[in-house]
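# Coordinate inspection notes
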Amino acid sequence: MADTVLTAWQRSPMADAAHRLAAVTRSSRGAIRLAELPFLAQVNVRLDAKSPAADTVGLALGLQLPLEPNTVVHAADVTAVWLGPDEWLVVGRPGTERDLEERIRAAAGEEPVSVTDVSAQRTTLLVGGPRARDLLSHGCPLDLHPRAFGPGRCAQTTLARAQVVLVARDETRAGFWVLVRSSFAGYLADWLLDAAAEYVGAARGAT
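Heads up: these notes are all about the structure in this document. (Residues numbered from 1 in each chain as written. Predicted model: local features only at pLDDT ≥ 70, side-chain atom pairs only at ≥ 80, totals over all residues. Heavy atoms only, no water.)

## A word on unusual backbone geometry
The phi dihedral of Asn70 is positive, around 60°, even though this residue is not glycine. Take Asn70: it is sitting in the loop between α3 (52–61) and β3 (72–75). (Helix = DSSP H or I, 4+ residues; strand = E, 2+ residues; numbered from the N terminus.)

## Comments concerning the packing of aromatic side chains
Enumeration over the complete set of coordinates arrives at one aromatic pair. Considering the side-chain rings of Phe149 and Phe176, the 6.4 Å spacing of their centres and the 15° angle between planes classify their relative orientation as stacked. Placement of Phe149 in the loop between α5 (132–137) and β8 (154–159) and of Phe176 in strand β10 (residues 176–181) is noted, with a sequence separation of 27 residues between them. Positioned above the aromatic ring of Trp177 is the side chain of Arg169, whose terminal nitrogen or guanidinium carbon lies 3.9 Å from the ring centre. (Phe/Tyr/Trp six-rings, centres within 6.5 Å; stacked < 30°, edge-to-face > 60°. Lys NZ or Arg CZ within 6 Å of the ring centre and 35° of its normal.)

## A word on the pairing of strand β7 (residues 122–128)
Of all seven residues in β7, seven are buried; the element is thus mostly enclosed. By the alternation rule, side chains of β7 split into Arg122, Thr124, Leu126 and Gly128 and Thr123, Leu125 and Val127, which are all buried. Relative to β7, strand β1 (residues 33–37) runs antiparallel, the two sharing five bridges. Paired with Ala35 across the two strands is Leu126, which belongs to β7. Sheet topology places β7 next to β10; six bridges connect them, and they run antiparallel. Across the sheet, the residue bridging to Thr124 is Leu179, located in β10. (Buried < 20%, exposed > 50% of the residue type's maximum accessible area, 1.4 Å probe, protein only. Pairing = 2+ DSSP bridges.)

## Focus on the sheet that holds β3
Where strands meet in a sheet, backbone hydrogen bonds hold them as pairs that are either parallel or antiparallel. The strand order β3-β4-β5-β2-β6 describes an open sheet built from five strands, whose pairing is antiparallel. Both outer strands of the open sheet, β3 and β6 (114–117), are each paired with one neighbouring strand and no more. Across this sheet, the average inter-strand angle for adjacent strands is 20°, counted without regard to direction. As judged from the four bridges shared by strand β2 (residues 41–46) and β6, these two strands associate in the antiparallel manner. Bridge pairing in β6 places Val43 opposite Asp117. (Axes fitted to C-alpha atoms, helices over the stretch in contact; angles between N-to-C directions.)

Spelled out as structure tokens, the structure:
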């Protein structure tokens, strides 16, 4: 009963900005799509990438843990984000963090593994639309051209000086995930809304 009560009163870090994010999406006529994806399960995993556990954990999650630096693997409702040679962030549907933890620990067996639920540390912002790369480029030092940062790529970087994990989604027209610490979520939402103003103006000018 206690878990049910806590969940019912849970409030996302960008709850106050939700209506403004939706307004930009409407006003830009889809050139920019902004929305929070709150409460995604996020589990940090550390293990030896060359150990048998890497394969068994991947099988338990229904995917292969990415071994190439700054890449992402997605399967069904689980995404594995490469953070380092022996570190990944496993992202799943809201409320599945405990299940993910249990599956990973069971699959690793006696192999050394660190599994930490970090779901409360960050929230996730979806940035999509044809002008998404242009918008992010205003505040991100990376080369976001599709040839350099195409679908399936990820990076730990900064956006408007806030530390983020940036993920280029691999589904068609899916845009980007911006994973940001909850304490910076409001600031980053305000920055994105301000930076997106030019696309809202351009859409109005085209009428």
